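For reference, the chains in residue letters:
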Amino acid sequence: KAGKKVEGQVAVVDGKDWKDAYDREFGNDGLEDSTNAFVDKKGLIWVHKRRGNAGTIIHEGVHKYATDDFLSEVGFNFNEGITEYFTRKITKELKYDRGNYQNNFEFSEKFATYVGEAKLAKGYFDGAWVPVKDEFESKSKKSWADLKAKVKSEDWGAAEGMLK
């Protein structure tokens, strides 16, 4: 969003500091060792010192300014793809390489073209996801719930096939 910054809202840590922050947010869910970064409930971005990089901070910053209802509407895989889509718009200009969430990104790039980037941005950042759903269903004549199910199960080929 215009004028928003994450400056002063990023902690790059490891060891006990990372574990404590992660456990406060997620408890012992078994995923701590594979998590690079997250935004906590207070809006602070936590980045693991040895797993994250500048692109990770940008990705988490994009998450920070997304609406919670978008994640709850589309689910984890779809949300990560859309987050990565907007992240790469920034990192490309900065010449940072990104390979995270590659399959999610590739689908989301096609989805953004299909429903329109401006409409998708309003859904993601402003919570206006109903027009995104309506655009998809109107153009495809397919079910939004079916699309979300394909993305949730990482059936990328089938999900992309619904964009025709």
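To be clear, the structure that these remarks concern was listed above.
Conventions we followed
- Residues numbered from 1 in each chain as written.
- Predicted model: local features only at pLDDT ≥ 70, side-chain atom pairs only at ≥ 80, totals over all residues.
- Heavy atoms only, no water.
- Phe/Tyr/Trp six-rings, centres within 6.5 Å; stacked < 30°, edge-to-face > 60°.
- Helix = DSSP H or I, 4+ residues; strand = E, 2+ residues; numbered from the N terminus.
- Buried < 20%, exposed > 50% of the residue type's maximum accessible area, 1.4 Å probe, protein only.
- Pairing = 2+ DSSP bridges.
- 1 Å grid on protein atoms, 1.4 Å probe; cavity = no way out; pocket = protein on both sides within 12 Å on 5 of 7 lines; lining within 4 Å.
- Points joined across faces, edges and corners; volume = space filled by probe spheres on them.
- Nonpolar A, V, L, I, M, F, W, Y, C, P; charged D, E, K, R; others polar.
- Salt bridge = Lys/Arg side-chain N within 4 Å of Asp/Glu carboxyl O.
- Axes fitted to C-alpha atoms, helices over the stretch in contact; angles between N-to-C directions.
- Contact = heavy atoms within 4.5 Å.

1. Some thoughts on the packing of aromatic side chains
Here is step 1 of the chain: Tallied over the full model, the rule gives 20 aromatic pairs.
Here is step 2 of the chain: On the numbers, 5.6 Å between centres and 40 degrees between planes, the contact of F86 with Y124 is tilted. Of this pair, F86 sits in helix α4 (residues 76–94) while Y124 sits in helix α6 (residues 117–126); the two residues are 38 residues apart in sequence, bridging distant segments of the chain.
Here is step 3 of the chain: Consider the rings of Y114 and F136, whose centres lie 6.2 Å apart with planes at 55 degrees: the pair is tilted. Residue Y114 is found in helix α5 (residues 102–115), and its partner F136 is found in helix α7 (residues 130–140); the two are separated by 22 residues along the sequence.
Here is step 4 of the chain: Overall, the relative accessible area of 0% leaves F136 in the buried class.

2. Considerations on the pairing of strand β1 (residues 10–13)
Consecutive side chains of a regular strand alternate in pointing toward one face of the sheet and then the other.
Here is step 1 of the chain: Going residue by residue along β1, you find A11 and V13 tucked away on one face and V10 and V12 left uncovered on the opposite face.
Here is step 2 of the chain: Here four bridges tie β1 to strand β3 (residues 45–48), and the two strands are oriented parallel to one another. Bridge pairing in β3 links V12 to V47.

3. Regarding the layout of surface pockets
Empty space among the atoms can be located by rolling a probe the size of a water molecule over them.
Here is step 1 of the chain: Volume-wise, the largest pocket comes out at about 820 Å³.
Here is step 2 of the chain: Looking at the largest pocket, it is lined by 25 residues, and the ones nearest its centre are A37, E60, H63, F76 and E80.
Here is step 3 of the chain: Elements supplying a minimum of two residues to the lining of the largest pocket: α1 (15–26), β2 (37–39), α2 (54–64), α3 (68–74) and α4.
Here is step 4 of the chain: In terms of residue count, the dominant contributor to the lining of the largest pocket is α2 (five residues).
Here is step 5 of the chain: For the lining of the largest pocket, the per-class residue count stands at ten nonpolar, nine polar and six charged.

4. Quick word on the pattern of salt bridges
Here is step 1 of the chain: Scanning the model with the defined rule gives 13 salt bridges in all.
Here is step 2 of the chain: In this structure, E84 and R88 form a salt bridge, with 2.9 Å as the shortest nitrogen-oxygen distance. Here the residue E84 and the residue R88 both occupy positions in helix α4, the gap between them amounting to four residues, near one helical turn.
Here is step 3 of the chain: Residue classification places E84 among the buried residues on the basis of a relative accessible area of 0%.
Here is step 4 of the chain: For R88, a relative accessible area of 12% translates into the label buried.
Here is step 5 of the chain: Here the salt bridges do not stand alone but share partners, grouping E84, R88 and R98 into one network.

5. What about the sheet that holds β2?
Here is step 1 of the chain: With respect to topology, three strands assemble into an open sheet ordered β1-β3-β2, the strand pairing being mixed. Pairing within the sheet leaves two strands with one partner each, and these edge strands are β1 and β2. Sheet twist, expressed as the mean angle between neighbouring strand axes with direction ignored, is 15 degrees.
Here is step 2 of the chain: In the packing of α1 onto the sheet, the strands contacted are β1, β2 and β3, and the crossing angle to β2 comes to about 45 degrees.

6. Focus: the pairing of β3
Here is step 1 of the chain: What you see with β3 is no split at all: I45 and V47 on one side and W46 and H48 on the other are buried throughout.
Here is step 2 of the chain: The pairing of β2 with β3 spans three bridges and is antiparallel. From the neighbouring strand, V39 faces β3, where its bridge partner is I45.
Here is step 3 of the chain: The hairpin turn running from β2 into β3, its antiparallel successor, is five residues long, and G43 in that turn takes a positive phi close to 95 degrees.

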